[in-house]
Amino acid sequence: MTTMTTTTAQALAACNAPALRTELPGPIARAFIERDALSVSSCLGRVYPLVPKRASGLVIEDVDGNRFLDFNAGIAVNSTGHCHPAVVAAIAKQSNELLHYCSSDWYVPAYIELCERLVASAPHGMGPSKVFLGNSGTEVVEAAIKLARYTTKRPNIIAFHGAFHGRSLGALSLTASKAKYRGGFGAMMPGVYHAPYGDPGYIESVIFRHLSEPTDVAAIIVEPIQGEGGYVVPSQGWMAELRRICDTHGIVLIADEVQSGAGRTGRMWAIEHDNVAPDMLLAGKGIASGLPLAALLARDRFMTWGPGKHGSTFGGNPVACAAAIATLDVLEGSAIANAQSMGAHLQFQLQQLATVCPAITDIRGRGLMVGIDFETHEIAAAAEQAAFRRGLLVLTCGERSIRLAPPLIVSREQIAISVQILGAAICDATQGDCALDASDHRVAS
Ligand code: PLP
């Protein structure tokens, strides 16, 4: 641990974060939180009282001047880091030329260029494909449901326990991570069946046998690594098994890569780790570094719908497209490779931490999509809060996990700091039942 402390001290000096100058939340943050309660919808469930003002790279400064190290990237969105200069420049350039022209009705160059780039990035074996752009992950999930039903002329969809695909009524019908997301909203979309995530036999032995003939199934939608459900990596071979089932029965395989895609796992798309090509692929979150953009890629033979069957006023807005093109440049330039090497380094550091923190029961992931399991949900939640109070931003997921999804440009030094703080936060959360000294990590004042 001594080596880690020295490295961390040097790194703290280098990146100047975390650096907390007030209690949390500070006075200006508290004033915003009070105003928020008066006018902002009560459905937003805030994780901790962070009120960001500006950010750069992995560092977020709040309205009181406190600096945090960001290891959740706005839920896996700021893939290139906050305000990457190349992304900001692309946004500025496009903003000066054309802010909006509806791409559903006219030919907008940035839309066309981005679709070309996404087609070129498709997993090997997907073959010729075409792209529809939306504003959010949920929107492209909806588009995929419609397209799969339309192209197969079949009604049913299979999704998985623990899945998160969004909260509009179609997408919500597929989502099965937390019952509270569905509670109180009445009947879901009919024809949706859920299987246990990663279970090799269930679809054929239960769903096809008891619930739905395969010839009624339009699509299987799967996250190649489950996000909200707990950063769960399925066993090798399961994705190929889903591919086999789809091929056998003429079912569309949809990979929802909204969270796992855009280079986060050290490959452009997480499904590439399984050497499986989907029929449709959904991208969002990290694809445009923070501007609202999402994509539905579909093999040519499934992109069968005609003009007017789907569309969007803002989807594929030129400014968001310009941000996405610049993001792809950064990802393909070096960020994906960095995600691969830094992801391995992060997992190694966490394994070291686990040897002195018995509350950690599992560490898993690919690239910079890393989940840490704890003995209980309460410990995971308390560690998340304690990390915030120490200046590190992380987020829980699943039943009892913390997810680490930093920007893909994270450095070794930032990983050293984050692991050190996490160790101290776990000590806080477990009231010292940990071989680490929680005072080991001190935040600057
Ligand atoms: N699909 C997955 C796998 C997600 O993780 C999410 C959001 O977390 C969505 C879809 C919905 O995306 P959005 O919140 O952009 O609508």
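In the block above lies the structure referred to throughout.
Since the model is a prediction, treat every value here as computed from it, not as a measurement.

Trainee: Break down unusual backbone geometry for me, citing the residues and quoting the values.
Mentor: Of all residues except glycine, most have a negative phi; of all peptide bonds, most are trans. Each neighbour pair has its own omega, and for alanine 17 with proline 18 the value is 0 degrees, a cis peptide bond. With respect to the element layout, proline 18 can be found in the loop between helix H1 (2-15) and helix H2 (27-39). Put simply, leucine 24 and proline 25 share a cis peptide bond, and its omega is -10 degrees. Residue placement: proline 25 occurs in the loop between H1 and H2. The backbone of alanine 73 shows a phi angle near 50 degrees, a positive value even though the residue is not glycine. Along the chain, the position of alanine 73 falls in helix H3 (residues 73-76). Phi angles above zero are rare outside glycine, and serine 289 is one such case at about 60 degrees. The exposure class assigned to serine 289 is buried, which follows from its relative accessible area of 10%.

Trainee: Explain the packing of helix H4 (residues 85-97) against helix H10 (residues 318-354) to me, using residue names and the numbers behind them.
Mentor: The geometry of H4 relative to H10 is characterised by a closest axis approach of 8 Å and an angle of 150 degrees between their N-to-C directions. When the interaxial angle is binned, H4 and H10 end up roughly antiparallel. Between H4 and H10 lies a crossing of right-handed hand. Residues Ala86, Val87, Ala90, Ile91, Gln94 and Ser95 of H4 lie in contact with H10, whose contacting residues are Pro318, Val319, Ala322, Ala323, Ala326, Thr327 and Val330. Taken together, the residues of the contact of H4 with H10 sort by class into 10 nonpolar, three polar and no charged.

Trainee: Explain the nonpolar core residue by residue, including any values.
Mentor: In terms of nonpolar packing, the biggest core is built from 120 residues, with Met280, Leu296, Leu350 and Leu404 touching the most fellow members. Among the elements that take part in this core, H10 stands out by supplying 17 residues, more than any other. Apart from residues no more than four positions distant in its own chain, leucine 296 is found in contact with Lys130, Val131, Phe132, Val140, Ala143, Ala144, Leu147, Met280, Leu281, Leu282, Met303 and Trp305. Counting residues in each nonpolar core, the second largest holds seven residues, with Ala76, Ala270, Met369 and Cys397 among its members.

The rules behind these values
- Residues numbered from 1 in each chain as written.
- Predicted model: local features only at pLDDT ≥ 70, side-chain atom pairs only at ≥ 80, totals over all residues.
- Heavy atoms only, no water.
- Helix = DSSP H or I, 4+ residues; strand = E, 2+ residues; numbered from the N terminus.
- Buried < 20%, exposed > 50% of the residue type's maximum accessible area, 1.4 Å probe, protein only.
- Axes fitted to C-alpha atoms, helices over the stretch in contact; angles between N-to-C directions.
- Parallel < 35°, antiparallel > 145°, perpendicular 65-115°, else oblique.
- Left-handed = near helix turned anticlockwise from the far one by under 90°.
- Contact = heavy atoms within 4.5 Å.
- Nonpolar A, V, L, I, M, F, W, Y, C, P; charged D, E, K, R; others polar.
- Core = buried A, V, L, I, M, F, W, Y, C linked by side-chain atoms within 4.5 Å.

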